[in-house]
Amino acid sequence: MPPAHPFDDDKLHEECGVFGVVGVSDAANFVALGLHALQHRGQEAGGIVSHDPAEGFNSVRRFGYVRDNFTSQSLMQTLPGPLAIGHVRYSTAGSKAAVIRDVQPFFGEFSMGGAAIAHNGNITNANALRRELIERGSIFQSSSDSECIIHLMARSLQRNIPERMEDALRRVEGAFSVVAMTRTKLIGVRDPLGVRPLVLGKVAEGWVLSSETCALDIIGAEYVRDIEPGEMVVISEQGGVESAFPFRRRKSRFCIFEHVYFSRPDSVIGGRSVYETRRQIGVELAKEAPVEADLVCPVPDSGTPAAIGFSQESGIPYAMGIIRNQYMGRTFIEPTEQIRNMGVRLKLNVNRALIKGKRVILVDDSVVRGTTSRKIKDMILDAGAAEVHFRIASPPTAWPCFYGVDTPEREKLLAATMNEDEMRDHLGVDSLRFISLDGLYRAAGAPDGRDNASPQYCDACFSGEYPVAPSDMIEKGFETKTAAE
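Description of the structure in this document. (Residues numbered from 1 in each chain as written. Predicted model: local features only at pLDDT ≥ 70, side-chain atom pairs only at ≥ 80, totals over all residues. Heavy atoms only, no water.)

### Here's the deal with the overall build of the protein
Spelled out, the test is: In this text, helices come from DSSP runs of H or I with a minimum length of four residues, and strands from runs of E with a minimum of two, each type numbered from the N-terminal end. We compute the radius of gyration from the C-alpha atoms alone; for a globule the expected value is 2.2 Å times N to the 0.38, where N is the number of residues. Under the scheme applied here, a residue whose accessible area is under 20% of the maximum for its type counts as buried, over 50% as exposed, and between as partly exposed, the area being computed with a 1.4 Å probe on protein chains only. Residue contacts are counted whenever heavy atoms from the two residues lie within 4.5 Å of one another.
In terms of helices and strands, the protein carries 19 helices and 25 strands. A globule of 485 residues ought to have a C-alpha radius of gyration of about 23 Å, and the protein, at 23 Å, matches this closely. C-alpha extents for the protein along the principal axes are approximately 70 × 55 × 40 Å. The 485 residues of the protein split such that 58% are buried. The long-range share in the protein, meaning contacts at least 24 apart out of those at least 6 apart in sequence, stands at 68%.

### Structural notes on the pattern of salt bridges
Under the convention used in this document: By salt bridge we mean one thing: a side-chain nitrogen of Lys or Arg within 4 Å of a carboxyl oxygen of Asp or Glu.
Under the criterion given, the structure shown has 25 salt bridges. With its nearest N and O atoms 3.5 Å apart, the salt bridge here joins Glu409 to Lys412. Here the salt bridges share partners, and the residues they tie into one network are Arg41, Arg196, Glu212 and Glu258.

### What to know about the environment of Phe462
Within the secondary structure, Phe462 is located in helix H18 (residues 460-463). With sequence-adjacent residues up to four places away left out, Phe462 is seen in contact with Ile256, Phe257, Ser394, Pro395, Pro396, Thr397, Trp399, Leu437 and Leu440.

### Some thoughts on the nonpolar core
Put simply, the rule is: Among buried residues, the Ala, Val, Leu, Ile, Met, Phe, Trp, Tyr and Cys ones that are joined through side-chain atoms within 4.5 Å form a nonpolar core.
Grouped together as the largest cluster of nonpolar side chains are 69 residues, with contacts concentrated most on Ile355, Leu362, Ile380, Tyr403 and Leu432. Setting aside residues up to four positions removed in sequence, Leu432 forms contacts with Phe390, Arg391, Ile392, Glu420, Met423, Arg424 and Leu427.

### A look at helix H6 (residues 161-169)
The buried count for H6 comes to 7 of 9 residues, which makes it a mostly enclosed element. The complete set of buried residues in H6 reads Ile161, Pro162, Arg164, Met165, Glu166, Ala168 and Leu169. Of the surrounding secondary structure, the elements contacted by the buried residues of H6 are strand E6 (106-110), strand E7 (113-123), helix H5 (147-155), strand E8 (174-181), strand E9 (185-190) and strand E13 (232-236).

### Thoughts on the sheet that holds strand E5 (residues 83-89)
Using the following cut-off: Each pair of strands is called paired provided DSSP finds at least two bridges between the two strands. Lines fitted to C-alpha atoms define the axes here, with helix axes fitted over just the stretch in contact, and angles between the N-to-C directions of these axes take values from 0 to 180 degrees.
A sheet is described by the order of its strands in space; here 7 strands give the open sequence E4-E3-E5-E2-E11-E10-E12, paired in antiparallel fashion. On the outer flanks of this sheet lie strand E4 (56-63) and strand E12 (222-226), each paired with one strand and no other. Direction aside, the axes of adjacent strands within the sheet are offset by 15° on average. Examined bridge by bridge, strand E2 (residues 16-22) and strand E11 (residues 206-210) share 4 bridges and lie antiparallel to one another. Following the sheet pairing, Val21 is matched in E11 by Val208.

### Quick word on the pairing of strand E22 (residues 387-392)
The following threshold applies: Clockwise travel from the first strand over the helix to the second, with the strands pointing away from the viewer, marks a crossover as right-handed.
A large share of E22 lies buried, amounting to 5 of its 6 residues. Here strand E21 (residues 359-364) runs beside E22; their pairing, made up of 6 bridges, is parallel. Across the sheet, residue Arg359 finds its bridge partner in E22, namely Glu387. Between the parallel elements E21 and E22, the chain passes through helix H14 (residues 371-382) in a crossover that is right-handed. Bridging between E22 and strand E24 (residues 431-434) involves 4 bridges; their strand directions are parallel. Across the sheet, the residue bridging to Ile392 is Phe434, located in E24.

### Some thoughts on the sheet that holds E9
Taking strand neighbours across the sheet as the criterion, the 6 strands line up as E6-E7-E8-E9-E13-E14 in an open arrangement whose pairing is antiparallel. Here the strands that pair on one side only, and so sit at the sheet edges, are E6 and strand E14 (241-244). Each neighbouring strand pair of the sheet contributes to a mean axis angle of 20°, computed without reference to strand direction. Where E6 lies against E7, 5 bridges are found, and the strand directions are antiparallel. Within E7, the position partnered with Phe110 by the bridge is Gly113.

Listed below in structure tokens is the structure:
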């Protein structure tokens with residue numbers, strides 16, 4: 001598969017999205033639509049597993065976008081049955097090279113029948129588990145951390161597949177929102193901290209599990225509720241929903257970056273509109289970091305709701321100063337150095353007539369390496385802007401994520417080596433301000449800000465406070481935050 005655009009590595013990428021349906025005819029068609037709505041969570045590859053009583057389990061895994069693979073009638077006819085699950089992937093754990101054996105869902109045949117599993121998140125003790133399982137005779141087919149779950153299930157002595165899954169997941173550390181299936185049941189599980197999202201929906205006579213509510217909308221499903229942190233639901237083809245809490249109860253630490261960037265703005269998380277949270281981030285930013293300017297412009301598309309909120313609070317007009325090319329897929333020209341340098345311009349173009357002579361506030365969701373921010377600043381100045389001010393809708397990203405997000409090594413994160421003033425000078429802008437951690441928490445619905453003694457969210461990428469120790473990475477030499485920091 002060709003590499004992503006040269007500037008794509010300057011954004012954080014979610015690892016994947018999961019979706020499952022039970023109790024409807026041609027369930028795989030519903031799953032394909034759901035995965036299409038979750039495409040933003042992973043564009044590298046996708047897969048669907050279905051089960052039909054007459055034909056058994058069937059599986060299709062493909063590289064690329066859902067629209068390019070799972071819209072073929074002939075292909076979808078190979079996935080019959082009333083029960084199916086699917087997965088879209090962006091690699092974090094496992095090989096960075098595109099290898100079909102790493103594409104989920106994973107399938108295993110057990111003594112009591114087959115099961116397939118799709119996982120969103122990251123297992124932080126996967127290396128230790130893999131070593132143990134290989135020493136005991138397990139043969140791994142992929143480099144994915146998620147395959148550990150299948151092998152742990154195979155070695156469990158429990159009586160049925162849901163119980164084996166409980167047994168396996170008790171050995172797992174890190175973040176996991178899992179959608180799985182047996183011959184007759186759809187299963188959903190969230191880790192005890194609830195780091196990654198998972199919701200339950202109702203469609204016709206059937207049930208749906210999805211990473212986000214926006215994927216329920218595309219199939220006309222009704223949102224029922226979030227799967228709770230540490231909860232396992234087992235749904236039968238007849239429509240019965242059983243709920244259990246197999247893990248020790250812990251306070252939720254949902255990923256706050258889902259609110260900032262990962263989730264689609266038309267999704268609802270924990271009863272809260274993602275769009276409204278992002279708009280409120282802009283409001284908080286305008287209060288915390290006001291600046292005199294002529295225009296507030298988003299960096300499309302993720303900066304748009306925050307830019308709207310900033311404009312509404314500050315009274316500075318909102319304008320589309322940067323236009324996004326909606327039809328830009330992957331690079332269609334051999335990526336020479338000259339073409340690589342054009343990367344941002346292939347996707348974004350400045351509205352010159354609007355920008356010329358203006359003092360411009362650019363609102364973006366994050367600064368990771370800073371390479372894209374510098375290129376966008378150059379484009380704005382080339383178009384004749386008088387001043388460029390960056391306002392960032394998240395705190396400085398200074399620590400890598402180990403819970404299912406593809407993050408550069410810490411030394412490659414701009415905020416890990418520079419303070420805000422140094423980053424401003426490095427980017428060459430007139431001013432640079434990030435929202436505070438307290439401001440972000442207020443925007444996400446915590447009126448008193450962050451509870452430092454017991455944070456309401458996982459914010460490790462900003463604070464360096466990891467709710468689950470990244471044991472595999474510590475073993476490799478990663479140094480976590482010291483008390484002095």
